[in-house]
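# Structure assessment
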Amino acid sequence: MCNFELAELRTNRLMQMNALEELRNEAYTNSLIQKEKTKNLHDKILKLKTRWDGPFVVKQVFPHGAIKLISREGTLFKVNGNRVKTYEEGIPKEEGLEEGLHLEEITET
């Protein structure tokens, strides 16, 4: 009698473990699908720019190093501050002024 109950309990436990494994696999698949949908939506909204040419006007500098730029056409977009290079052509050089622009100095002020 005891062996019969143990066999039944073992079978029952294996069925529960299989059902749990199926739920886990289904949840994993659903999370992958949702992640892909979110990525596609984000890419559609963001409209990634692979190349951008300047000159641009710096609109805002954020504390974490990002910079908001304005293009000639008037479009705004954020970029990593490390990717921005100073544009000096056409700027009159005056004696006594420090050359270059350091992002660390801008973010501190």
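Presented here is an overview of the structure given in this document. The residue numbering used here restarts from 1 in each chain and proceeds along that chain's sequence as written. This being a predicted model, a pLDDT of at least 70 is required before a residue's local features are given, and a value of 80 or more before pairs of side-chain atoms are given or counted; all residues contribute to the totals for chains, interfaces and linings. To obtain the side-chain values, all non-hydrogen atoms of the structure were included, while hydrogens and water were left out.

### Overview of the packing of aromatic side chains
We apply this condition: When two rings of Phe, Tyr or Trp (its six-membered ring) have centres within 6.5 Å they constitute a pair, described as stacked for plane angles under 30 degrees, edge-to-face for angles over 60, and tilted for the intermediate range. Counting from the N terminus, the helices are DSSP H or I runs at least four residues long and the strands are E runs at least two residues long. Working definition: with a 1.4 Å probe on protein chains only, accessible area under 20% of the residue-type maximum means buried, over 50% means exposed, and in between means partly exposed.
Throughout the structure, instances matching the rule amount to 1 aromatic pair. Taking the centre distance of 5.3 Å and the plane angle of 90° together, the rings of Phe 56 and Phe 77 count as edge-to-face. Of this pair, Phe 56 sits in the loop between helix H1 (2–46) and strand E1 (57–61) while Phe 77 sits in strand E3 (residues 76–80); the two residues are 21 residues apart in sequence, bridging distant segments of the chain. Given the relative accessible area of 12%, Phe 77 is considered buried.

### Comments concerning the sheet that holds strand E2 (residues 66–70)
Under the convention used in this document: Whether two strands pair comes down to DSSP finding at least two bridges between them. For helices, the fitted axis covers only the stretch in contact; all axes are lines through C-alpha atoms, and the angles between them, taken along N-to-C directions, range from 0 to 180 degrees.
Pairing within the open sheet is antiparallel, and its 3 strands lie in the order E1-E2-E3. In this open sheet, the two strands that pair with only one neighbour each are E1 and E3. Mean inter-strand twist for the sheet, computed between neighbouring axes without regard to direction, equals 35°. Across 5 bridges, E2 lies against E3 in antiparallel orientation. Directly across from Ala 66, in E3, lies its bridge partner Asn 80.

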